[in-house]
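# Notes for the structure review
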Amino acid sequence: MTVVGRSVPRLDGRAKVTGRYLYAVDVALPGMLWGHLVRSPHPHARIRAIDVSAARDVPGVAAVVTGRDAPARRFGGLVKDETILAVDVVRYVGQPVAAVAAATPEAAAAAAERVAVDYEVLPAITDPLAAMADGAPLVHDAWETYAAHPQLVRFGNVCGEAQVVRGDVAHAFAVADAVFEDTFTTAPVHQAYLEPRAAVAVWETPERLVVYSNTQLPFEIQQTLADAFGLAPGQIRVISAGIGGGFGGKLRVGVEHIAALLARRAGRPVKVALTMDEEFLAAYPRHGMHIRLRTAVRRDGVILGKEALAVLDAGAFSGSSPGLPSVATLVLAGPYRIPHLRLVARAVYTHKQNFGSYRAPTGPQCAFAVESQMDMIARRLGLDPLEVRLRNVVRDGDAGPTGQVFGRVSMDAVLRAAADAIGWGRPAGPYRGKGLACTWWTTTGGPSGVYVKLQPDGSATLVTGCAELGTGALTAAAQILADELGLPADHISIVSADTQATPYDHGAQGSRTAFSVGNAARAAAAELRRQIVEVAAGALEAHPGDLVLRDGHVVVTGAPARRIALAEVARLGLQRGGLVAAGVFAAPPTPYDATCVRGHVYPTFHSPSFHAHAAEVEVDPETGEVRVLRYVAVQDVGFAINPRLVEGQIEGGVVQGLGQALGEELPYQDGQPLVHNLSAYALPRTTTVPPIETRVVEVPSEVGPYGAKGVGEPPIIAPPAVVANALDAAAGVRLTSLPITAPKVYAALRHRGGG
């Protein structure tokens, strides 16, 4: 291996730092109009009438559309419950009701302000627990008529329920030395990507639509637009332009469908680019969750059984939500050996914006609950939190919550490494404390296909349907291709994310890109290498078995002077139509016990990774401010294809996790969001982010390229729990709700002290 395992520069780095990289918001087409949305000011209301006449009179306006102008069709992922624009009823503040296309952004905005909507305000239900109560008003009266994935369990306002039941839970609680019951809550948080969602749509013919956008999943958007407009997917081309941050927030349809509707009405290309204010009003932030844990333990800290009920606030439409309770149940079990489980998670409709997939969806919320309670159990039993974890963590041969049998488990090793790095057991000083947490996570499956081509200059091109999300994962995939072909990484060019020109890919999501595209590239490289060797063998008059690819040449083993450049091989290959190969990869299914799950669409964590984080914090007793002094992240990545990119992913994830831990939240009052832009959103700042020490552990997976596992999502999972545990160690206060703000800590300190 000469290219993989090295920190080569990102292939897209130069274009990004020199401003030449084309993001979706930069896309412009001749004759393009600008779109602007009219949004609901009410969380729940009936639309009595919409008057667009004044909007049409604004100079420069080319089209005004309402829900009546859109196809009467519903779309969605696992549940098809959404329409392009609201029809008859609005279900959250910010739901698009109408849209305008005009010659300038200013004209479109002015016209949108003149759209008059007559609303009858209706009662809103904004608490998911209240929405689950018997007799609660329904957010969707017709939910039973919606097309949905047959495996889903739905009822009332619950758009998805997943259960894991194993062993004899009642017996575990009956024989336990102690039972602990605790409740945790987490606030919704925003991905805070820097480029808002944007799309440019153009109808090349009345039946052929082309869309440029910053979607993470071009093939899903293609299918969603097909559903929304009643077209075949082949009639729609989606091109993913540069993505200015996504973190899962650009998985589902954003503005592509509205741009397409306006473009069809106007007969011209239309761009819709949201403002950051709109992003805080109507996007796909991380779910707020309510989690109740009940855990049965022996007096030595060994866990006998666990019950859990987790409730996700899905918002007004399902989006990603119906599938995420399944993921939540696996995190609720934790990386622990627990023989008896009853884990239930529900996604519940409310009159709020849609909540969705934010980097490791449900991971930080559930880990906050699980890992906080692990410390609470340890301290109540008078045991060391590290020791309690070590007595319970999974090891080789253990079964996971759904019967998945683990192999190559590194949980014990990463936990001890994190503890050693933070100086676990050594005193931390007044109002200082140390905390730790351990977690596990998946490498999302889904197929990838690639083409690879040897270019006339001896370089190679990787053609993939996956978008570069900004993680550098496609650089890692290119490194794999380069290594297999004996080329430097910068001799690989990438064509990506065009549903017409590139093969199918499940998309840039779930820590899967380098893993899955990399495996497909490796398969394609094997075939391309065979073709190269075949051509070279004829030219060199050598046996194919004696040839190797090295330094841009094909070389005869043992006779390095006998060689031929790949550029010459490519030229010779033109006589046979060029040297081109395809490769595909689909992760093999992970066996599990199907009898212990119900309503479950994600029953195992594929090629699971294991991680442990630790931190030292200091609490100001006069203000309640929590300052993180040191942070250690230990992660088993299987194999670091590009160590620098891996470390960057870990550091970035930790920073985002600390944001959720200490400040970020999207509060609501009576269905009205109270944060409207980044200036009012408590993101971490460079002055508050502590030194982050990353330690990479490499226990190879059986499936990943060179043993690699998914890297991007895990580092965001543990920080909230780590901070909560360190705070308790520092000041003796236990907070069970996120974020852990200074006022909350100060109040807890005063309550503890009787002040």
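The structure under discussion appears in the preceding block.
Every chain's residues receive numbers from 1 upward, in the order its sequence appears when written. Local features in a predicted model are, by the rule used here, given only for residues with pLDDT of at least 70; side-chain atom pairs are given and counted only at 80 or more, and totals for whole chains, interfaces and linings are based on all residues. In computing side-chain properties, one takes all heavy atoms of the structure into account and sets aside hydrogens as well as water.

What follows covers the layout of surface pockets. In this approach the atoms are scanned with a rolling probe the size of a water molecule, which exposes any empty space left behind. Looking at the second largest pocket, its volume works out to about 550 Å³. Lining the second largest pocket are 24 residues; nearest its centre among them are Val-626, Leu-662, Leu-683, Pro-684 and Thr-688. Starting at the N terminus, helices and strands are each numbered in turn, a helix being any DSSP run of H or I of at least four residues and a strand any DSSP run of E of at least two. Contributions of two or more residues to the lining of the second largest pocket are made by β26 (626-636), α16 (643-662) and α18 (742-753). In terms of residue class, the lining of the second largest pocket is made up of 15 nonpolar, six polar and three charged. Buriedness for pockets is judged along seven lines, at least five of which must meet protein on both sides within 12 Å for an open set on the 1 Å grid over protein atoms alone, while cavities are sets there where a 1.4 Å probe fits but cannot get out, and lining residues have an atom within 4 Å of a point. Grid points are joined across faces, edges and corners, and a volume is the space filled by probe spheres set on the points. Throughout this entry, Asp, Glu, Lys and Arg are counted as charged residues, while Ala, Val, Leu, Ile, Met, Phe, Trp, Tyr, Cys and Pro are counted as nonpolar. The remaining residues, Gly among them, count as polar.

As a further point, take unusual backbone geometry. In the segment running from Leu-738 into Pro-739, the intervening peptide bond is cis, with an omega of 0°. Relative to the elements of secondary structure, Pro-739 occurs in the loop between β30 (737-738) and α18. In the Ramachandran plot, Ala-192 falls in the positive-phi region, its phi being about 55° despite a non-glycine side chain. Burial classes: relative accessible area under 20% of the type maximum marks a residue as buried, over 50% as exposed, and values in between as partly exposed (1.4 Å probe, protein chains only). On the basis of relative accessible area, Ala-192 is assigned to the buried category, the value being 11%.

On the basis of which strands lie adjacent, the open sheet formed by four strands has the order β19-β18-β17-β23 and mixed pairing. Bordering the open sheet on either side are β19 (492-496) and β23 (580-585), each of which pairs with just one other strand. Direction aside, neighbouring strands of the sheet carry axes that sit 20° apart on average. Any two strands with at least two DSSP bridges between them are considered paired. Bridge count between strand β17 (residues 448-454) and β23: six bridges; the pairing is antiparallel. Its bridge partner being in β23, Tyr-451 is matched across the sheet by Ala-582. Across the face of the sheet, helix α14 (residues 513-540) comes into contact with β17, β18 (460-464) and β23 while running at roughly 145° to β23. An axis is simply a line fitted to the C-alpha atoms; with a helix, the fit covers only the stretch in contact. Between two such axes, the angle follows the N-to-C directions and lies from 0 to 180 degrees. Only heavy atoms enter the contact rule, under which two residues are in contact if any of them lie within 4.5 Å.

On to the nonpolar core. Buried Ala, Val, Leu, Ile, Met, Phe, Trp, Tyr and Cys residues form a nonpolar core when they are joined through side-chain atoms within 4.5 Å. With 121 residues, the main nonpolar core has Leu-332, Tyr-631 and Leu-727 as its most contacted residues. Examining the composition of this core, we find that nine residues originate from one element, helix α10 (residues 363-381), more than from any other. Apart from residues no more than four positions distant in its own chain, Leu-332 is found in contact with Ile-291, Leu-293, Lys-306, Ala-308, Ala-310, Leu-343, Cys-366 and Val-370.

The next point concerns α10. Structural remark: α-helix, 3.6 residues per turn; residues separated by three or four positions point the same way. Between the first and last residue of a helix there are one fewer steps than residues, each counted as 1.5 Å, and that sum is the expected span. In a regular helix each residue adds 1.5 Å, so 19 residues correspond to 27 Å; α10 covers 27 Å between its end C-alpha atoms and thus fits that length. In terms of burial, α10 is a largely internal element, 16 of the 19 residues being buried. After α10 finishes, the residue Gly-382 shows a positive phi value of roughly 75°.

On to the pattern of salt bridges. A pair is scored as a salt bridge if a Lys or Arg side-chain nitrogen falls within 4 Å of a carboxyl oxygen belonging to Asp or Glu. As enumerated under the stated definition, the model contains 45 salt bridges in all. The partner of Asp-12 in a salt bridge is Arg-10, with the nearest N and O atoms 3.0 Å apart. Relative accessible area serves as the criterion here: at 11%, Asp-12 is assigned to the buried category. Measuring nitrogen to oxygen at the nearest pair gives 2.8 Å for the salt bridge that ties Arg-389 to Glu-371. Highlighted residues: Arg-389 in helix α11 (residues 385-392) and Glu-371 in helix α10, separated in sequence by 18 residues. Look at Arg-389 and you get buried, because its relative accessible area is 0%.

Turning to the pairing of strand β3 (residues 61-66), a few remarks are in order. A large share of β3 lies buried, amounting to five of its six residues. Bridge count for β3 against strand β5 (residues 96-102) is five bridges, and the pairing is antiparallel. Note that in β5 the partner of Val-61 across the bridge is Ala-102.

What the rule picks out here adds up to six cavities of 30 Å³ or more. Taken as a whole, the largest cavity encloses approximately 230 Å³ of empty space. Around the largest cavity sit 23 residues that line it, and Glu-82, Tyr-92, Pro-96, Gly-254 and His-257 are the ones nearest its centre. Among the elements of the structure, β1 (33-39) and α7 (256-266) are those that each provide at least two residues to the lining of the largest cavity. Per-class residue counts for the lining of the largest cavity are 14 nonpolar, six polar and three charged.

Turning our eyes to something else, we now look at the sheet that holds strand β8 (residues 178-186). Read from one edge of the open sheet, seven strands run β24-β7-β15-β14-β13-β8-β30, paired in mixed fashion. Each having just a single partner strand, β24 (597-598) and β30 make up the two edges of the open sheet.

Another aspect to go through is the packing of aromatic side chains. Any two rings among Phe, Tyr and Trp, with Trp reduced to its six-membered ring, count as a pair given centres within 6.5 Å; such a pair is stacked if its planes are under 30 degrees apart, edge-to-face if over 60, and tilted if neither. As enumerated under the stated definition, the model contains 14 aromatic pairs in all. With a centroid separation of 4.5 Å and an interplanar angle of 55°, the aromatic rings of Trp-440 and Phe-605 are classed as tilted. A residue pair is termed long-range when its members are at least 10 positions apart, and Trp-440 in strand β16 (residues 432-441) and Phe-605 in the loop between β24 and β25 (609-619) qualify at 165 residues. Trp-440 gets classed as buried once you look at its relative accessible area, which sits at 3%. A connected cluster of aromatic rings, assembled from ring pairs, spans Phe-406, Trp-440, Trp-441, Tyr-602, Phe-605 and Phe-610.

Two elements in contact, helix α6 (residues 218-229) and α7, have axes whose closest approach is 10 Å; the angle formed by their N-to-C orientations is 50°. Taken together, the axis directions place α6 and α7 in an arrangement best described as oblique. Between α6 and α7 the crossing geometry is right-handed. Within the contact between the two elements, α6 uses Ile-221, Leu-225 and Phe-229 and α7 uses Glu-256, His-257, Ala-260, Leu-261 and Arg-264. By residue class, the composition of the contact of α6 with α7 is five nonpolar, one polar and two charged. Roughly parallel refers to an angle under 35 degrees, roughly antiparallel to one over 145, roughly perpendicular to one between 65 and 115, and oblique to any angle outside these ranges. Each crossing is labelled by how the near helix is turned from the far one, with a counterclockwise turn of less than a right angle marking it left-handed and a clockwise turn marking it right-handed.

The values reported here are purely geometric and, on their own, carry no functional implication.
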